[in-house]
Amino acid sequence: MTDRVIQLVQDNSRVIPLNFSAPQNSEVPAKDHFNRRLHDLRISVTDRCNFRCVYCMPKSIFDKNYQFLPHKDLLSFEEIEQVAREFVALGVEKIRLTGGEPLLRKNIEILIEQLARLRTPGGKPVEITLTTNGTLLRKKSKILKEAGLNRVTVSLDAIDDAVFKAMNDVDFSVNEVLDGIEAAHEAGLGPIKVNMVVKGGMNDGQVLPMARHFKGTPHILRFIEYMDVGSSNGWKMDEVVPSARIINMISQQVSQLQMLDANYTGEVAERWKYSDGTGEIGVISSVTQAFCKDCTRIRLSTEGKLYTCLFASKGHDLKPLIRSNAQPESIKQQLSHAIRNLWSVRADRYSEIRTENTTQPKDRIEMSYIGG
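The structure displayed is predicted, hence computed values, not measured ones.

What counts and what doesn't
- Numbers given to residues run from 1 along each chain, matching the order in which its sequence is written.
- Local features in a predicted model are, by the rule used here, given only for residues with pLDDT of at least 70; side-chain atom pairs are given and counted only at 80 or more, and totals for whole chains, interfaces and linings are based on all residues.
- Neither water nor hydrogens contribute to the side-chain values; these are computed over all heavy atoms in the structure.
- Numbering of helices and strands starts at the N terminus; helices are DSSP runs of H or I of at least 4 residues and strands are runs of E of at least 2.
- We call two N or O atoms a polar contact when they sit within 3.5 Å, provided that within protein one can donate a hydrogen and the other can accept it, with sequence-adjacent residues counted only if both atoms are side-chain atoms.
- A side-chain nitrogen of Lys or Arg and a carboxyl oxygen of Asp or Glu constitute a salt bridge if their distance falls within 4 Å.
- With a 1.4 Å probe rolled over the protein chains alone, any residue whose accessible area is under 20% of its type maximum counts as buried; one over 50% counts as exposed, and the rest are partly exposed.
- Here a strand pair is declared whenever DSSP counts at least two bridges between the two strands.
- The criterion used for residue contact is that any of the two residues' heavy atoms lie within 4.5 Å.
- Orientation is described by lines fitted to C-alpha atoms, with helices fitted over the stretch in contact, and by angles between N-to-C directions that extend from 0 to 180 degrees.
- Here is the rule: rings of Phe, Tyr and Trp (six-membered ring for Trp) pair when centre to centre is within 6.5 Å. Planes less than 30 degrees apart are stacked, more than 60 are edge-to-face, and the remainder are tilted.
- What is meant by a nonpolar core is a set of buried Ala, Val, Leu, Ile, Met, Phe, Trp, Tyr and Cys residues, joined one to another through side-chain atoms within 4.5 Å.
- A helix is expected to reach a length of 1.5 Å times the quantity of its residues less one.
- Of all possible arcs, the one meant is that of the directions from the helix axis to the C-beta atoms.

Participant: Any chance you could break down the side chain of Glu109 for me, citing the residues and the numbers?
Facilitator: Assignment of secondary structure puts Glu109 in helix α2 (residues 108-116). At a separation of 2.8 Å, a polar atom in the side chain of Glu109 contacts the side chain of Lys140.

Listed below in C-alpha coordinates is the structure:
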(Lines give C-alpha, C1' and ligand atoms only; values in the text may rest on other atoms or scores of the structure.)
Protein backbone atom coordinates (compact mmCIF):
# COMPACT_ATOMS: atom_id res chain seq x y z
CA MET A 1 0.00 0.00 0.00
CA THR A 2 1.28 3.49 -0.83
CA ASP A 3 1.57 5.83 2.16
CA ARG A 4 -0.74 8.83 2.02
CA VAL A 5 1.05 12.18 2.25
CA ILE A 6 -0.78 15.30 3.37
CA GLN A 7 0.83 18.53 2.19
CA LEU A 8 0.34 21.23 4.82
CA VAL A 9 2.92 23.81 3.89
CA GLN A 10 2.28 25.23 0.47
CA ASP A 11 4.79 25.08 -2.36
CA ASN A 12 5.13 27.89 -4.89
CA SER A 13 2.51 26.39 -7.22
CA ARG A 14 -0.09 26.86 -4.49
CA VAL A 15 0.71 30.47 -3.65
CA ILE A 16 -1.26 33.21 -5.41
CA PRO A 17 0.74 36.35 -6.33
CA LEU A 18 -0.30 39.47 -4.42
CA ASN A 19 -1.15 42.79 -6.04
CA PHE A 20 0.95 45.54 -4.42
CA SER A 21 -0.31 48.39 -6.61
CA ALA A 22 -2.35 51.22 -5.13
CA PRO A 23 -6.02 50.17 -4.87
CA GLN A 24 -8.75 52.17 -6.56
CA ASN A 25 -11.08 51.84 -3.59
CA SER A 26 -9.72 53.26 -0.33
CA GLU A 27 -12.78 53.08 1.91
CA VAL A 28 -12.45 51.92 5.54
CA PRO A 29 -13.49 49.32 6.42
CA ALA A 30 -12.48 47.42 3.29
CA LYS A 31 -15.27 45.60 1.42
CA ASP A 32 -15.07 42.43 -0.70
CA HIS A 33 -16.77 41.31 -3.93
CA PHE A 34 -20.03 40.62 -2.02
CA ASN A 35 -19.80 43.84 0.03
CA ARG A 36 -18.62 41.96 3.13
CA ARG A 37 -16.46 44.11 5.39
CA LEU A 38 -13.06 43.16 6.76
CA HIS A 39 -13.56 42.85 10.52
CA ASP A 40 -11.88 39.72 11.96
CA LEU A 41 -8.26 38.62 11.67
CA ARG A 42 -7.32 35.12 12.83
CA ILE A 43 -3.63 34.53 13.39
CA SER A 44 -2.13 31.05 13.70
CA VAL A 45 0.99 31.32 15.86
CA THR A 46 2.06 27.66 15.68
CA ASP A 47 1.27 24.53 13.67
CA ARG A 48 2.01 22.32 16.69
CA CYS A 49 -0.53 20.92 19.14
CA ASN A 50 -0.43 18.63 22.18
CA PHE A 51 -3.74 17.01 21.09
CA ARG A 52 -4.34 14.72 18.12
CA CYS A 53 -8.06 15.31 17.66
CA VAL A 54 -9.57 12.97 15.09
CA TYR A 55 -11.27 15.78 13.15
CA CYS A 56 -8.21 18.05 13.02
CA MET A 57 -4.82 16.38 13.52
CA PRO A 58 -5.39 12.61 13.26
CA LYS A 59 -2.49 10.61 14.66
CA SER A 60 -2.31 8.53 11.47
CA ILE A 61 -0.93 11.62 9.72
CA PHE A 62 0.51 13.74 12.54
CA ASP A 63 2.64 11.03 14.13
CA LYS A 64 6.00 11.31 15.90
CA ASN A 65 7.77 11.52 12.56
CA TYR A 66 5.68 14.38 11.19
CA GLN A 67 7.78 17.37 10.18
CA PHE A 68 6.39 20.59 11.62
CA LEU A 69 7.61 24.01 10.51
CA PRO A 70 11.07 24.97 11.73
CA HIS A 71 11.12 27.99 14.03
CA LYS A 72 12.93 30.15 11.47
CA ASP A 73 9.97 29.84 9.09
CA LEU A 74 7.47 31.15 11.64
CA LEU A 75 6.63 34.84 11.64
CA SER A 76 8.22 36.57 14.61
CA PHE A 77 6.02 38.48 17.05
CA GLU A 78 7.28 41.74 15.55
CA GLU A 79 6.36 40.56 12.04
CA ILE A 80 2.91 39.47 13.19
CA GLU A 81 2.34 42.84 14.85
CA GLN A 82 3.51 44.58 11.67
CA VAL A 83 0.90 42.75 9.58
CA ALA A 84 -1.83 43.11 12.21
CA ARG A 85 -1.28 46.87 12.37
CA GLU A 86 -2.12 47.21 8.68
CA PHE A 87 -5.22 45.05 9.06
CA VAL A 88 -6.46 47.23 11.91
CA ALA A 89 -5.93 50.35 9.80
CA LEU A 90 -8.20 48.75 7.16
CA GLY A 91 -11.08 47.93 9.50
CA VAL A 92 -10.19 44.87 11.61
CA GLU A 93 -11.57 45.26 15.13
CA LYS A 94 -11.05 41.73 16.45
CA ILE A 95 -7.95 39.53 16.44
CA ARG A 96 -8.08 35.86 17.43
CA LEU A 97 -4.91 33.89 18.13
CA THR A 98 -5.10 30.25 17.10
CA GLY A 99 -2.88 27.29 16.21
CA GLY A 100 -2.36 24.38 16.49
CA GLU A 101 -2.38 25.09 20.21
CA PRO A 102 -1.39 28.76 20.55
CA LEU A 103 -0.25 28.44 24.17
CA LEU A 104 2.58 26.19 22.96
CA ARG A 105 4.17 29.27 21.33
CA LYS A 106 6.83 30.40 23.79
CA ASN A 107 6.22 33.80 25.42
CA ILE A 108 2.95 34.35 23.58
CA GLU A 109 2.02 36.95 26.21
CA ILE A 110 4.60 39.25 24.59
CA LEU A 111 2.68 39.10 21.30
CA ILE A 112 -0.61 39.72 23.12
CA GLU A 113 0.88 42.80 24.78
CA GLN A 114 2.00 44.11 21.38
CA LEU A 115 -1.41 43.51 19.77
CA ALA A 116 -3.28 45.01 22.72
CA ARG A 117 -1.63 48.37 22.00
CA LEU A 118 -3.19 48.57 18.52
CA ARG A 119 -5.98 51.07 17.93
CA THR A 120 -8.57 51.36 15.16
CA PRO A 121 -8.74 54.52 13.01
CA GLY A 122 -11.42 55.70 15.44
CA GLY A 123 -9.15 55.18 18.43
CA LYS A 124 -10.81 52.04 19.83
CA PRO A 125 -8.72 49.20 21.26
CA VAL A 126 -8.83 45.97 19.27
CA GLU A 127 -10.52 42.96 20.88
CA ILE A 128 -7.88 40.26 21.45
CA THR A 129 -9.11 36.70 21.91
CA LEU A 130 -7.55 33.24 21.88
CA THR A 131 -8.75 29.72 21.13
CA THR A 132 -7.14 26.93 23.16
CA ASN A 133 -7.66 23.34 24.25
CA GLY A 134 -7.37 24.62 27.82
CA THR A 135 -4.64 22.36 29.13
CA LEU A 136 -2.19 25.23 29.75
CA LEU A 137 -4.68 27.78 31.05
CA ARG A 138 -4.03 27.06 34.73
CA LYS A 139 -0.40 28.03 34.14
CA LYS A 140 -0.97 30.95 31.75
CA SER A 141 -4.35 32.63 32.42
CA LYS A 142 -3.19 35.35 34.81
CA ILE A 143 -0.24 36.45 32.69
CA LEU A 144 -2.38 36.40 29.54
CA LYS A 145 -4.94 38.69 31.15
CA GLU A 146 -2.25 41.04 32.40
CA ALA A 147 -0.80 41.20 28.89
CA GLY A 148 -4.13 42.40 27.50
CA LEU A 149 -6.02 39.29 26.39
CA ASN A 150 -9.76 39.94 26.59
CA ARG A 151 -11.18 36.42 26.62
CA VAL A 152 -10.67 32.80 25.63
CA THR A 153 -12.57 30.12 23.76
CA VAL A 154 -11.87 26.58 24.97
CA SER A 155 -12.33 23.42 22.91
CA LEU A 156 -13.97 20.54 24.81
CA ASP A 157 -15.60 17.73 22.84
CA ALA A 158 -17.08 15.64 25.67
CA ILE A 159 -17.70 15.69 29.41
CA ASP A 160 -17.22 11.94 29.71
CA ASP A 161 -13.54 11.16 30.18
CA ALA A 162 -13.45 8.06 27.98
CA VAL A 163 -15.16 9.80 25.08
CA PHE A 164 -13.00 12.89 25.46
CA LYS A 165 -9.80 10.84 25.44
CA ALA A 166 -10.98 9.04 22.31
CA MET A 167 -11.51 12.43 20.66
CA ASN A 168 -8.16 14.01 21.64
CA ASP A 169 -6.33 10.66 21.20
CA VAL A 170 -3.48 11.56 23.59
CA ASP A 171 -5.00 10.72 26.98
CA PHE A 172 -5.72 14.25 28.24
CA SER A 173 -8.53 14.18 30.81
CA VAL A 174 -11.67 16.29 31.00
CA ASN A 175 -10.65 17.54 34.45
CA GLU A 176 -7.49 19.13 33.04
CA VAL A 177 -9.59 21.21 30.66
CA LEU A 178 -12.25 22.05 33.25
CA ASP A 179 -9.50 23.24 35.60
CA GLY A 180 -8.17 25.44 32.80
CA ILE A 181 -11.63 26.92 32.25
CA GLU A 182 -11.90 27.69 35.96
CA ALA A 183 -8.47 29.35 35.92
CA ALA A 184 -9.48 31.51 32.95
CA HIS A 185 -12.70 32.48 34.73
CA GLU A 186 -10.77 33.42 37.87
CA ALA A 187 -8.44 35.59 35.77
CA GLY A 188 -11.35 37.44 34.15
CA LEU A 189 -10.97 36.04 30.64
CA GLY A 190 -14.70 35.83 30.04
CA PRO A 191 -17.31 35.34 28.95
CA ILE A 192 -15.65 32.00 28.20
CA LYS A 193 -16.98 30.12 25.20
CA VAL A 194 -16.70 26.33 25.19
CA ASN A 195 -16.65 24.79 21.71
CA MET A 196 -17.76 21.20 21.10
CA VAL A 197 -17.28 19.72 17.62
CA VAL A 198 -20.02 17.12 17.26
CA LYS A 199 -19.11 14.08 15.18
CA GLY A 200 -21.92 11.59 14.62
CA GLY A 201 -21.19 8.10 15.93
CA MET A 202 -18.35 9.31 18.12
CA ASN A 203 -19.35 12.02 20.60
CA ASP A 204 -22.92 12.95 19.63
CA GLY A 205 -24.09 11.13 22.79
CA GLN A 206 -22.34 13.88 24.76
CA VAL A 207 -24.54 16.74 23.55
CA LEU A 208 -27.05 16.47 26.41
CA PRO A 209 -24.46 15.76 29.17
CA MET A 210 -22.45 18.79 28.00
CA ALA A 211 -25.57 20.97 27.96
CA ARG A 212 -26.49 19.87 31.48
CA HIS A 213 -22.96 20.41 32.78
CA PHE A 214 -22.65 24.00 31.55
CA LYS A 215 -26.26 25.05 32.15
CA GLY A 216 -26.31 27.47 35.06
CA THR A 217 -22.68 28.53 34.58
CA PRO A 218 -21.42 31.85 33.17
CA HIS A 219 -19.85 29.98 30.23
CA ILE A 220 -21.39 29.79 26.75
CA LEU A 221 -21.42 26.27 25.28
CA ARG A 222 -21.36 26.15 21.47
CA PHE A 223 -21.98 23.10 19.30
CA ILE A 224 -20.08 23.02 15.99
CA GLU A 225 -21.08 20.88 13.04
CA TYR A 226 -18.28 18.53 11.97
CA MET A 227 -16.76 20.16 8.88
CA ASP A 228 -14.84 19.04 5.80
CA VAL A 229 -11.79 21.16 6.61
CA GLY A 230 -8.48 20.08 5.10
CA SER A 231 -7.82 16.71 3.49
CA SER A 232 -6.87 14.38 6.33
CA ASN A 233 -9.89 13.90 8.61
CA GLY A 234 -11.88 11.51 6.42
CA TRP A 235 -15.00 13.70 6.56
CA LYS A 236 -18.37 12.17 5.66
CA MET A 237 -21.68 14.01 5.41
CA ASP A 238 -23.50 11.32 7.37
CA GLU A 239 -21.28 12.10 10.39
CA VAL A 240 -22.61 15.66 10.54
CA VAL A 241 -25.16 16.21 13.32
CA PRO A 242 -27.33 19.16 12.17
CA SER A 243 -27.58 22.07 14.58
CA ALA A 244 -31.37 22.04 14.28
CA ARG A 245 -31.40 18.53 15.72
CA ILE A 246 -29.19 19.62 18.62
CA ILE A 247 -31.44 22.56 19.47
CA ASN A 248 -34.47 20.26 19.37
CA MET A 249 -32.80 17.66 21.61
CA ILE A 250 -31.82 20.22 24.24
CA SER A 251 -35.20 21.94 24.17
CA GLN A 252 -37.01 18.64 24.71
CA GLN A 253 -34.70 16.97 27.20
CA VAL A 254 -32.87 19.71 29.11
CA SER A 255 -34.80 23.00 28.98
CA GLN A 256 -36.74 25.10 26.52
CA LEU A 257 -34.63 27.44 24.40
CA GLN A 258 -35.36 30.88 22.95
CA MET A 259 -33.43 32.38 20.04
CA LEU A 260 -31.37 35.51 20.67
CA ASP A 261 -30.26 38.23 18.27
CA ALA A 262 -26.70 38.13 17.00
CA ASN A 263 -24.21 40.32 18.86
CA TYR A 264 -22.93 41.71 15.55
CA THR A 265 -23.14 41.14 11.79
CA GLY A 266 -20.93 38.23 10.84
CA GLU A 267 -21.16 36.38 14.17
CA VAL A 268 -20.78 32.72 13.27
CA ALA A 269 -22.82 31.24 16.11
CA GLU A 270 -26.60 31.29 16.24
CA ARG A 271 -27.43 32.22 19.84
CA TRP A 272 -30.04 30.64 22.12
CA LYS A 273 -30.87 31.13 25.78
CA TYR A 274 -32.58 28.86 28.28
CA SER A 275 -36.11 30.07 28.97
CA ASP A 276 -35.53 29.75 32.72
CA GLY A 277 -32.64 32.22 32.52
CA THR A 278 -29.90 29.73 33.39
CA GLY A 279 -27.53 30.35 30.52
CA GLU A 280 -26.83 30.59 26.82
CA ILE A 281 -25.75 28.14 24.14
CA GLY A 282 -24.78 28.56 20.51
CA VAL A 283 -24.70 26.48 17.35
CA ILE A 284 -22.28 26.91 14.44
CA SER A 285 -23.84 25.44 11.31
CA SER A 286 -21.43 25.93 8.44
CA VAL A 287 -22.58 22.68 6.80
CA THR A 288 -26.39 22.79 7.07
CA GLN A 289 -26.97 26.56 7.40
CA ALA A 290 -24.10 28.31 5.62
CA PHE A 291 -23.28 31.83 6.78
CA CYS A 292 -20.86 32.82 3.99
CA LYS A 293 -22.89 35.91 3.13
CA ASP A 294 -21.89 37.55 6.41
CA CYS A 295 -18.30 36.27 6.65
CA THR A 296 -15.88 38.99 7.76
CA ARG A 297 -12.84 36.81 8.53
CA ILE A 298 -9.37 36.45 7.04
CA ARG A 299 -6.61 34.15 8.29
CA LEU A 300 -2.85 34.60 8.62
CA SER A 301 -0.90 31.35 8.75
CA THR A 302 2.01 30.55 11.02
CA GLU A 303 4.51 31.32 8.27
CA GLY A 304 2.88 34.42 6.82
CA LYS A 305 0.35 33.33 4.21
CA LEU A 306 -3.11 34.89 3.98
CA TYR A 307 -6.22 32.76 3.44
CA THR A 308 -9.61 34.29 2.71
CA CYS A 309 -11.55 31.10 3.51
CA LEU A 310 -11.26 28.26 6.02
CA PHE A 311 -11.68 25.84 3.09
CA ALA A 312 -9.00 27.42 0.88
CA SER A 313 -6.33 25.48 -0.97
CA LYS A 314 -4.19 28.46 -2.00
CA GLY A 315 -2.61 31.20 0.08
CA HIS A 316 -1.08 34.61 -0.51
CA ASP A 317 2.46 34.86 0.83
CA LEU A 318 3.38 38.05 2.71
CA LYS A 319 6.70 36.87 4.11
CA PRO A 320 8.91 37.77 1.11
CA LEU A 321 7.74 41.36 1.43
CA ILE A 322 7.99 41.45 5.22
CA ARG A 323 11.56 40.11 5.14
CA SER A 324 12.68 42.13 2.14
CA ASN A 325 15.33 44.85 2.24
CA ALA A 326 12.84 47.55 1.31
CA GLN A 327 12.45 50.65 3.47
CA PRO A 328 9.97 50.25 6.37
CA GLU A 329 7.58 52.84 4.93
CA SER A 330 7.59 51.08 1.56
CA ILE A 331 6.85 47.71 3.21
CA LYS A 332 4.02 49.29 5.19
CA GLN A 333 2.48 50.81 2.07
CA GLN A 334 2.81 47.62 0.02
CA LEU A 335 1.30 45.53 2.82
CA SER A 336 -1.68 47.86 3.01
CA HIS A 337 -2.18 47.79 -0.76
CA ALA A 338 -1.84 44.00 -0.95
CA ILE A 339 -4.34 43.38 1.86
CA ARG A 340 -6.93 45.78 0.46
CA ASN A 341 -6.56 44.44 -3.09
CA LEU A 342 -6.86 40.85 -1.89
CA TRP A 343 -9.98 41.57 0.14
CA SER A 344 -11.62 43.65 -2.60
CA VAL A 345 -11.64 40.69 -5.04
CA ARG A 346 -12.56 38.07 -2.42
CA ALA A 347 -15.53 35.96 -3.56
CA ASP A 348 -15.28 32.86 -1.31
CA ARG A 349 -18.52 31.16 -0.36
CA TYR A 350 -17.55 27.51 -0.07
CA SER A 351 -20.20 26.44 2.43
CA GLU A 352 -22.97 27.87 0.23
CA ILE A 353 -21.83 25.90 -2.81
CA ARG A 354 -20.76 22.70 -1.01
CA THR A 355 -21.68 19.60 -3.03
CA GLU A 356 -20.71 15.93 -3.01
CA ASN A 357 -18.02 16.74 -5.58
CA THR A 358 -16.51 19.70 -3.74
CA THR A 359 -16.20 17.74 -0.49
CA GLN A 360 -14.03 15.01 -1.97
CA PRO A 361 -10.46 15.10 -0.55
CA LYS A 362 -8.55 17.82 -2.35
CA ASP A 363 -5.51 19.89 -1.46
CA ARG A 364 -7.30 22.15 1.02
CA ILE A 365 -5.10 23.53 3.76
CA GLU A 366 -5.38 21.80 7.15
CA MET A 367 -7.18 23.52 10.02
CA SER A 368 -4.21 22.96 12.33
CA TYR A 369 -2.18 25.18 9.96
CA ILE A 370 -4.48 28.19 9.78
CA GLY A 371 -6.68 27.76 12.86
CA GLY A 372 -10.43 27.22 13.04
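Let us keep going from here.
Participant: Could you give an account of the pattern of salt bridges, with specific residues and numbers?
Facilitator: Evaluated as defined, the whole model comprises 18 salt bridges. For Glu79, the salt bridge goes to Arg323, with nearest N and O atoms at 2.8 Å. Residue Glu79 is found in helix α1 (residues 77-89), and its partner Arg323 is found in the loop between α8 (319-322) and α9 (328-344); the two are separated by 244 residues along the sequence. Taking the relative accessible area as the measure of exposure, Arg323 reaches 37% and is therefore partly exposed. With a shortest N-O distance of 2.8 Å, Lys140 and Glu109 are connected by a salt bridge. Note that Lys140 is positioned in helix α3 (residues 137-147) and Glu109 in helix α2, a separation of 31 residues in sequence.

Participant: Now, about the sheet that holds strand β10 (residues 297-300): what can you tell me, with residues and values included?
Facilitator: Taking strand neighbours across the sheet as the criterion, the 12 strands line up as β7-β8-β9-β6-β5-β4-β3-β2-β1-β10-β11-β12 in an open arrangement whose pairing is mixed. The sheet is open, and its two borders are formed by β7 (257-259) and β12 (316-317), each paired with just one other strand. In this sheet, β12 lies alongside strand β11 (residues 305-307) in antiparallel orientation, the contact comprising two bridges. Paired with Leu306 across the strands is His316, a residue of β12. Lying over the sheet, helix α7 (residues 243-253) contacts β5 (193-198), β6 (220-225), β7, β8 (270-274) and β9 (280-284), oriented at roughly 155° with respect to β9. Relative to β10, α9 is tilted by about 130°, and along the sheet it contacts β10, β11 and β12.

Participant: Tell me what's going on with the packing of aromatic side chains, and back it up with residues and numbers.
Facilitator: Evaluated as defined, the whole model comprises four aromatic pairs. Centroid distance Phe51 to Phe164: 6.0 Å. Interplanar angle 70°. Geometry classified as edge-to-face. Taken together, the positions of Phe51 in the loop between β1 (40-44) and α1 and Phe164 in helix α4 (residues 161-168) put the pair 113 residues apart, joining distant regions of the chain. Considered together, Phe51 and Phe164 belong to a single accessibility category, that of buried residues.

Participant: Lay out the nonpolar core with the relevant residues and their values.
Facilitator: With 100 residues, the main nonpolar core has Ile95, Leu97, Phe223 and Ile250 as its most contacted residues. Not counting chain neighbours up to four residues away, the residues in contact with Phe223 comprise Met196, Val198, Val207, Ala211, Ile246, Ile250, Ile281, Gly282, Val283 and Ile284.

Participant: Lay out the pairing of β9 with the relevant residues and their values.
Facilitator: Counting buried residues along β9, five of its five residues qualify, which places the element largely inside the surrounding structure. Here β9 shows two buried faces, one formed by Glu280, Gly282 and Ile284 and the other by Ile281 and Val283. Relative to β9, β6 is paired through four bridges, and the arrangement is parallel. Paired with Leu221 across the two strands is Ile281, which belongs to β9. As judged from the four bridges shared by β8 and β9, these two strands associate in the antiparallel manner. Paired with Trp272 across the strands is Ile281, a residue of β9. Counted along the chain from β8 to the antiparallel partner β9, the turn is five residues long, and its residue Gly277 has a positive phi close to 80°.

Participant: Which residues make up helix α5 (residues 174-187), and what values do they have?
Facilitator: Here α5 is 14 residues long and its end C-alpha atoms lie 20 Å apart, about the 20 Å a rise of 1.5 Å per residue gives. Those residues of α5 not exposed but buried are Val174, Val177, Gly180, Ile181, Ala183 and Ala184. Here the buried face of α5 lies against α3, β4 (151-155), α4, β5 and α6 (207-214). Positioned one or two residues after α5, Gly188 has a phi angle of 90°, which is positive.

Participant: Describe α6, listing the residues and the values that go with them.
Facilitator: Looking at α6, one finds that the buried residues are Val207, Leu208, Met210, Ala211 and Phe214. The buried residues of α6 occupy an angular sector of 160° when the element is viewed end-on, so they sit on one face. Residues of α6 that are buried make contact with α5, β5, β6, α7 and β8. Backbone geometry just after α6 places Gly216 at a positive phi near 90°.

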